[in-house]
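Analysis of the macromolecular model
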Amino acid sequence: MALGSTDWLPVLEVGGEDAVGCDTHVAIRVQAQIRLIKVRLFIEPLDEWVGPDPSFTTVFEGPISLTDGRLVIGDVVGVTRFVSLIGEAGRRQIRVAVDEPGWNAAAVDISVGPQL
């Protein structure tokens, strides 16, 4: 699975990692073509009753640049994608957490912080 800017997705080699990122995108290792992956997106400020699952493991945390303020979430081959306007263009802190790191990940929580 990949998330990031609406710009072209660069080649990100996940290798043995659970997730890798660059300045504009993050690639996350999840179950591939086995079942649907549950993805939840949280944009700060968070609602006090609903938020990322605290039992999930963080696999990526860092800033990414969103050229038009939109975040794209989808599969790495580009067959499916979800685009969400999260604010103005610029750099944002992103935290990605999964229910089970590695090939067994079936749920992903994405937290988007305020503009940096």
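For the structure, see preceding data.
What comes next concerns the included structure.

So, how was this worked out
- Residues numbered from 1 in each chain as written.
- Predicted model: local features only at pLDDT ≥ 70, side-chain atom pairs only at ≥ 80, totals over all residues.
- Heavy atoms only, no water.
- Pairing = 2+ DSSP bridges.
- Helix = DSSP H or I, 4+ residues; strand = E, 2+ residues; numbered from the N terminus.
- Axes fitted to C-alpha atoms, helices over the stretch in contact; angles between N-to-C directions.
- Salt bridge = Lys/Arg side-chain N within 4 Å of Asp/Glu carboxyl O.
- Buried < 20%, exposed > 50% of the residue type's maximum accessible area, 1.4 Å probe, protein only.
- Phe/Tyr/Trp six-rings, centres within 6.5 Å; stacked < 30°, edge-to-face > 60°.
- Lys NZ or Arg CZ within 6 Å of the ring centre and 35° of its normal.
- Contact = heavy atoms within 4.5 Å.
- Patch = residues over 30% accessible without salt bridge, like charges linked within 9 Å, V, L, I, M, F, W, Y side chains within 5 Å.
- Areas by Shrake-Rupley, 256 points an atom, 1.4 Å probe, with all protein chains shown as cover.
- 1 Å grid on protein atoms, 1.4 Å probe; cavity = no way out; pocket = protein on both sides within 12 Å on 5 of 7 lines; lining within 4 Å.
- Points joined across faces, edges and corners; volume = space filled by probe spheres on them.
- Nonpolar A, V, L, I, M, F, W, Y, C, P; charged D, E, K, R; others polar.

The next subject is the sheet that holds strand β1 (residues 2–4). Paired through their backbone hydrogen bonds, the strands of a sheet run either parallel or antiparallel. An order of β2-β3-β1-β6-β7 is seen for the five strands of this open sheet, with the pairing classed as antiparallel. A strand with exactly one partner marks an edge of an open sheet, and here the two such strands are β2 (19–21) and β7 (81–85). Ignoring which end each strand starts from, the neighbouring axes of this sheet average 15° apart. Direction of pairing for β2 relative to strand β3 (residues 25–28): antiparallel, over a ladder of three bridges.

Quick look at the environment of valine 98 now. Along the chain, valine 98 falls in strand β8 (residues 90–98). Separated by 45 residues in sequence, valine 98 and aspartate 53 place their C-alpha atoms 8.9 Å apart.

Moving on, we come to the pattern of salt bridges. Under the counting rule described, the total for this entry stands at three salt bridges. Residues aspartate 23 and arginine 91 are paired through a salt bridge, measuring 2.7 Å at the closest nitrogen-oxygen approach. Pair noted here: aspartate 23 is in the loop between β2 and β3 and arginine 91 is in strand β8, with a separation of 68 residues, a long-range link. For arginine 91, a relative accessible area of 33% corresponds to the partly exposed category. Among the ionic pairs, aspartate 109 bridges to arginine 40, the shortest N-O distance being 2.9 Å.

This part takes up the sheet that holds strand β9 (residues 107–115). Across the sheet, which stays open at both edges, the four strands sit in the order β4-β9-β8-β5 with mixed pairing between neighbours. Because the sheet does not close on itself, it has two edges, and the strands there are β4 (38–43) and β5 (57–66). The mean inter-strand angle of the sheet, taken between neighbouring strand axes irrespective of direction, is 20°. Looking at chain direction, β5 and β8 are connected through nine bridges and run antiparallel. Bridging from a neighbouring strand, leucine 66 pairs with glycine 90 of β8.

Under the definition given, this model contains zero aromatic pairs. For arginine 29, the ring lying beneath its charged end belongs to tryptophan 103, and the centroid distance is 4.2 Å.

A separate point is the side chain of threonine 24. With respect to the element layout, threonine 24 can be found in the loop between β2 and β3. The class for threonine 24 is buried, based on a relative accessible area of 18%. Ignoring sequence-local partners within four residues, the contact set of threonine 24 consists of Leu3, Gly4, Ser5, Pro10, Ile64 and Ser65.

Residues Val76, Val77 and Val79 make up a contiguous nonpolar surface patch of roughly 320 Å² in combined accessible area. Note that valine 76 resides in the loop between β6 (70–74) and β7.

With that out of the way, let us pick up the layout of surface pockets. Taken as a whole, the largest pocket spans an internal volume of roughly 650 Å³. Among the residues making up the lining of the largest pocket, the classes are represented as 16 nonpolar, four polar and four charged. Considering only enclosed or pocket space, the second largest pocket measures out at about 200 Å³ in volume. Forming the walls of the second largest pocket are 18 residues, and the residues nearest its centre are Leu9, His25, Val72, Asp75 and Arg81. The class makeup of the residues in the lining of the second largest pocket is eight nonpolar, seven polar and three charged.

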